[in-house]
Amino acid sequence: MKLKKKIPLIDQHDKFGFWGGKFGGNFIPETLKKPIEDLTKEFEKLRKDQKFIKKRDFYFKNFIGSPTSFIKLENLSNYLGGAQIWAKVVSEANGGAHKIYNATVHALICKAMGKKYIIGDTGAGYAGKMLSMAAKKFGLKCKIFMGAKDIKRQKPNCDAMRKNGAEIVPVYSGSQTLVDAVSECMRYWVSNCDNTHMCVGSTVGPNIFVKICGWSTAQISRELKAQLKEKFKKVPKKLKLINCVGGGSSAYGFWSEFIDYDKKHIELIGVEAGGPKKSLLHAAPLSRNAKIGILHGAASYVCQNNEGQIHETESISAGLDYPGVSPIHCFLKDTKRARYTYATDEEALTAYQLVTKFEKLNPSLEPSHAFAETIKIAPKLSKNTILIVNSCGDAKKDRDILKERLGKN
Amino acid sequence: MKKNSLINQSFQNAKNEKRPALLTYTVAGDFTKKKSLEILKSISNYADICELGFPHNTPIADGGQIQTSAYRAIKNGVKINDVFSIVSNFKKSKKNKPIILMGYYNMVYQYNENKFILKCKKAKVDGLIIVDLPYPENKKFASKCKRNNINFIQLISPTTSKSRLTKIVNDSHDMIYYISMLSTTGGKLKVSAKEIIKQYQKIKNHNKSKNVVIGFGITEKTIESLKKADGLVVGSAICKEITRSIKKRQNAVTNVINLVKKLKNKIK
Ligand SMILES: Cc1ncc(COP(=O)(O)O)c(C=O)c1O
């Protein structure tokens, strides 16, 4: 298994849609073969169309607000000693997280295909909120599938979805979280694929959804590359890019421009959700060595039992609370290009407290997992090591959880 | 594959009686291992072919009724090997009744493809439907099944393109499953019987010798209108009856037998 250079990772799959010969693919019911084939053709056409690229860049700039800023966390760096800590503040993007890139591109594709209805899944509520924003912007009718447990714990984002005119469909099956929302969204698409476009909220699902999402979030690393050259004149010699991983869309978007670099030069670190410290449940298939399985139309490392039943997961972060992970991260793991680890709920909360104490930054619980790892390694590293965290979400949505766990508003 | 498989024979028997074959679908282990075998045995007195589902907890192509049955079975501790032992036990007294196992690919994958097929062979499974392993991804697995005298059943849907349809029919074994409409299992029939039969006929026209069954949305109310088909599959309506019986504290086995009898009478 080997990575190729100069070819975007999203395109390094075989004709059946597998990365590294075994991750990804299209494990889908017959009914979805045609809509997926249509979508694939459309996307391959659009991404080569200069007019479409111009349109995308226009909305990225004027609707999303690209570029998001790249800042040094001076106080946190000084406090911890060791490496310099920087943040790419992707939470500045319209809506408050990276999910807006994928949502905007899907809405543009939906329009191009002449469909009037768009559906999507959501865990933390960001993917849903952003899709509802994009749908409103482009005049599409929008339905969001969300686990009943997540509807309760991410209320601010649900309020936003409703305000944008989207319908939230609560999902009561299974663990009532993201995994069930994605299943229900796919079921709805099976029944309505003739007039409805489906957006998958992360780099997961059948092959084409991994590609569209990765192609969209890749904007983050294009911006970062330019910003690095601006601040440091060139890409620094010792660089580590640290990102939380749920499905893996923000991590892929943060890393895509840097995958060709040697890992001794630029290390890629993915941080999964370890769940509560004393719990056996987690949502960390990569770092806790889950076996390969099939979930939501793709093969990836999946938390499951040896009979192939998908495990329930547990994490304080709804956005990371998912038993599977992107096939492209499985590929990055097996080729050893990226390193994956996890942070527990408690570590993420502590990291949140430390970051907000020292910096004018309010990272949601997802990027707080990435900060937890950063805080762990920074003191052991030299001053000329640059750690960059993708602060990909804003903590407004976590208001209730933070209040309950930390007694803070 | 043997020329005259049990599946082929069952369709032939139904044809001799000038009616479509009746195929039932129940979930293995719903609502207990014992009861599920009991249900299977008793409905097989009226059904021509019995489909038995592997319960899976992330079934992306199943609607509420079958999900409920599957969750119930998993909660009752049903394992893959239990499914095989239900089949073996069934075949002890009903050796001429074809059994088709139906499930999602992850179960086969975790069990190991070769081991899974061997186990099917031992238990005398007649056919397999893997919902999320479409053509052409299923080519290798389908031919492995064929070599072991197990029918791999291809699915065709209203969205299947013409060129794809030709290839799928050419690659199919004794039976093809036509999905009546864009829906998960258990949806309400939203397409006219006439339109469904028209699509069905397109498949038949490719190869008259293939047995084509229609499934999804078939209930007591709709079954008669599709009588022209080689076979008709009823699943969610049966699962729903089990759920209803449990809720009402009635005998699920008797209720399901009565439902299947009624279904059979409608197509006689
Ligand atoms: C702010 C934020 N970060 C991260 C994630 C995890 O998803 P992904 O790994 O695809 O970036 C989510 C998902 O909802 C999110 O809302």
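Remember, predicted model here, so these are calculated numbers, not experimental data.

Some thoughts on the state of the cysteines
Under the criterion given, the structure shown has zero disulfides over all chains. Left unpaired, Cys 185 of chain A is separated from the closest cysteine sulfur, that of Cys 199 of chain A, by 8.1 Å. Here Cys 239 of chain B is not cross-linked by a disulfide; its sulfur's nearest cysteine counterpart is in Cys 50 of chain B, at 13 Å. A relative accessible area of 0% means that Cys 239 of chain B is categorised as buried.

A closer look at the site of the ligand
Residue and element names in this part refer to chain A. Near the ligand you find 18 residues, and of these His 98, Ser 202, Gly 246, Gly 248 and Ser 249 are the closest. Within the backbone of Gly 246, a nitrogen or oxygen atom sits 2.7 Å from an oxygen atom of the ligand. Within the backbone of Gly 247, one N or O atom sits 3.1 Å away from an oxygen atom of the ligand. When the ligand sits alone it has 390 Å² of accessible area, and the protein chains cover 98% of it. For the ligand, the cavity whose grid points lie within 2 Å of the majority of its atoms is the largest cavity. For the shell around the ligand, a count of residues per class yields six nonpolar, ten polar and two charged. Looking at the shell around the ligand, you find at least three residues from each of domain 1 (27-60 + 98-214) and domain 2 (65-96 + 218-406).

Some points on the sheet that holds strand 7 (residues 167-171) of chain A
Residues and elements named next belong to chain A. With respect to topology, four strands assemble into an open sheet ordered 7-6-5-8, the strand pairing being parallel. Taken across any chain shown, the strands that pair with only one partner, and hence form the sheet edges, are strand 7 and strand 8 (196-199). Ignoring strand direction, the axes of neighbouring strands in this sheet form an average angle of 25°. Bridge count for strand 5 (residues 117-122) against strand 6 (residues 141-147) is six bridges, and the pairing is parallel. Bridging from a neighbouring strand, Tyr 117 pairs with Lys 141 of strand 6. On top of the sheet, helix 5 (residues 126-138) reaches strand 5, strand 6 and strand 8; it is set at about 160° to strand 5, its chief contact. Running over the sheet, helix 8 (residues 178-192) touches strand 5, strand 6, strand 7 and strand 8 and is turned about 160° from strand 5.

Examining empty space enclosed by the protein
Taking a probe equal in size to a water molecule and rolling it over the atoms shows the remaining empty space. Residues and elements named next belong to chain A. Considering all chains together, one arrives at eight cavities of 30 Å³ or more under this definition. In this structure, the largest cavity encloses a volume near 320 Å³. Lining of the largest cavity is provided by 33 residues; of these, His 98, Lys 99, Gly 247, Gly 319 and Leu 320 occupy positions nearest its centre. If you list the elements that add at least two residues to the lining of the largest cavity, you get strand 5, helix 5, helix 8, helix 11 (249-255) and helix 14 (365-377). The element that contributes the greatest number of residues to the lining of the largest cavity is helix 11, accounting for three residues.

With respect to the interface of chain B and chain A
Of the residues lining the interface, 37 residues belong to chain B; the matching set on chain A comes to 32 residues. Taken over both partners, the interface formed by chain B and chain A buries close to 2,900 Å², and the fraction arising from carbon and sulfur atoms is 54%. The interface formed by chain B and chain A holds two salt bridges in total. Residue Arg 164 of chain B is joined to Glu 30 of chain A by a salt bridge in which the shortest nitrogen-to-oxygen separation is 2.6 Å. Taken together, chain B and chain A are joined by 20 residue pairs in polar contact (both at pLDDT 80 or more). It is helix 5 (residues 105-111) of chain B that contributes the most residues to the side of chain B that touches chain A, five residues altogether. Residues of the side of chain B that touches chain A, tallied by class, amount to 20 nonpolar, eleven polar and six charged.

Some details on helix 3 (residues 64-75) of chain B
With twelve residues, helix 3 of chain B should cover 16 Å at 1.5 Å per step; its first-to-last C-alpha distance of 16 Å lies within 8% of that length. Within helix 3 of chain B the residues assigned to the buried category are Ile 66, Gln 67, Ser 69, Ala 70, Arg 72 and Ala 73 of chain B. Where the residues of helix 3 of chain B are buried, they touch helix 8 of chain A together with strand 1 (21-27) and helix 10 (236-247) of chain B.

Concerning the pattern of salt bridges
Residues and elements named next belong to chain A. Scanning the entire structure with this criterion turns up 39 salt bridges over all chains. Here Glu 42 ties to Lys 45 by a salt bridge, and the two come within 3.7 Å at their closest N and O atoms. Separated by three residues within a single helix, Glu 42 and Lys 45 lie in helix 1 (residues 30-46), roughly one turn from each other. Using a relative accessible area of 14% as the deciding quantity, one classes Glu 42 as buried.

Digging into the packing of helix 4 (residues 99-112) of chain A against helix 9 (residues 207-217) of chain A
Residue and element names in this part refer to chain A. Packing of helix 4 against helix 9 leaves a shortest axis separation of 8 Å and a crossing angle of 120°. As the angle between them shows, helix 4 and helix 9 are arranged oblique. Crossing of helix 4 over helix 9 shows right-handed handedness. Across the interface between the two elements, Tyr 101, Asn 102, Val 105, His 106 and Ile 109 from helix 4 touch Phe 209, Ile 212, Cys 213, Trp 215, Ser 216 and Thr 217 from helix 9. The class makeup of the residues in the contact of helix 4 with helix 9 is seven nonpolar, four polar and no charged.

So, how was this worked out
Residues numbered from 1 in each chain as written. Chains lettered and ligands numbered in written order. Predicted model: local features only at pLDDT ≥ 70, side-chain atom pairs only at ≥ 80, totals over all residues. Heavy atoms only, no water. Disulfide = S-S within 2.5 Å. Buried < 20%, exposed > 50% of the residue type's maximum accessible area, 1.4 Å probe, protein only. Near = heavy atom within 4 Å. Polar contact = N/O pair within 3.5 Å; in protein donor to acceptor, adjacent residues only side chain to side chain. Areas by Shrake-Rupley, 256 points an atom, 1.4 Å probe, with all protein chains shown as cover. 1 Å grid on protein atoms, 1.4 Å probe; cavity = no way out; pocket = protein on both sides within 12 Å on 5 of 7 lines; lining within 4 Å. Sits in = over half its atoms within 2 Å of the grid points. Nonpolar A, V, L, I, M, F, W, Y, C, P; charged D, E, K, R; others polar. Domains from an automatic or database assignment. Pairing = 2+ DSSP bridges. Helix = DSSP H or I, 4+ residues; strand = E, 2+ residues; numbered from the N terminus. Axes fitted to C-alpha atoms, helices over the stretch in contact; angles between N-to-C directions. Contact = heavy atoms within 4.5 Å. Points joined across faces, edges and corners; volume = space filled by probe spheres on them. Buried area = accessible area lost by both parts, 1.4 Å probe. Salt bridge = Lys/Arg side-chain N within 4 Å of Asp/Glu carboxyl O. Expected span 1.5 Å × (residues − 1). Parallel < 35°, antiparallel > 145°, perpendicular 65-115°, else oblique. Left-handed = near helix turned anticlockwise from the far one by under 90°.

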